[in-house]
Amino acid sequence: QVQLVESGGGLVQAGGSLRLSCAASGRTFSSLAMGWFRQAPGKEREFVSTTSRGSNTNYADSVKGRFTVSRDNAKNTVYLQMNSLKPEDTAVYFCAARQGVVITTPLQWDYWGQGTQVTVSS
């Protein structure tokens, strides 16, 4: 089992920045692929970014160039630095973990955090 706890969400004006953190426990963190997903009201959960066990990264087109994912295996933590935030980035952001390769389909991730709200005002 893996437990994931997100933090760092909040209210920010458009153009601002936030950094989300996801602390993992229960399994060797370095063996896990990690991902960030988000879900806006009335919409399906969507892929935002992933980082593989080897720290290769992937981003949704909508956040590319604005968001940066990173992981610190010594701290069992993955981060999502979000810059130049837009109102359409408003959503609950979820951290996820899985064994094996990174994928962008939310349904095939094994472990999920409780989510953290990000609200971007215009």
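Residues numbered from 1 in each chain as written. Predicted model: local features only at pLDDT ≥ 70, side-chain atom pairs only at ≥ 80, totals over all residues. Heavy atoms only, no water.

Trainee: Honestly, the side chain of Arg71 in this entry has me stumped. Any pointers?
Mentor: Note that Arg71 resides in strand 7 (residues 67-72). Despite its burial, Arg71 pairs with no opposite charge, the nearest such side chain being Asp72 at 8.5 Å. A polar side-chain atom of Arg71 sits 2.9 Å from the main-chain carbonyl oxygen of Phe29. Among the polar contacts listed, one links the side chain of Arg71 to the backbone oxygen of Thr51, at a separation of 3.5 Å. Setting aside chain neighbours within four positions, we find Arg71 in contact with Phe29, Ser30, Leu32, Ala33, Met34, Thr51, Ser52, Arg53, Ser55, Thr77 and Val78. (Helix = DSSP H or I, 4+ residues; strand = E, 2+ residues; numbered from the N terminus. Buried < 20%, exposed > 50% of the residue type's maximum accessible area, 1.4 Å probe, protein only. Lys, Arg positive; Asp, Glu negative; His and termini not counted. Salt bridge = Lys/Arg side-chain N within 4 Å of Asp/Glu carboxyl O. Polar contact = N/O pair within 3.5 Å; in protein donor to acceptor, adjacent residues only side chain to side chain. Contact = heavy atoms within 4.5 Å.)

Trainee: Can you help me understand the state of the cysteines in this one?
Mentor: Structurally, a disulfide amounts to a covalent bond that connects the sulfur atoms of two cysteines. For the coordinates displayed, the defined rule picks out 1 disulfide. Here Cys22 engages in a disulfide with Cys95; their sulfurs sit 2.1 Å apart. Its S-S torsion of about -80° marks the bond between Cys22 and Cys95 as left-handed, since a negative value means left-handed. One end of the pair, Cys22, is in strand 3 (residues 18-25); the other, Cys95, is in strand 9 (residues 91-99), with 73 residues separating them in the sequence. The buried category is assigned to Cys22, whose relative accessible area is 0%. Relative accessible area serves as the criterion here: at 0%, Cys95 is assigned to the buried category. (Disulfide = S-S within 2.5 Å.)

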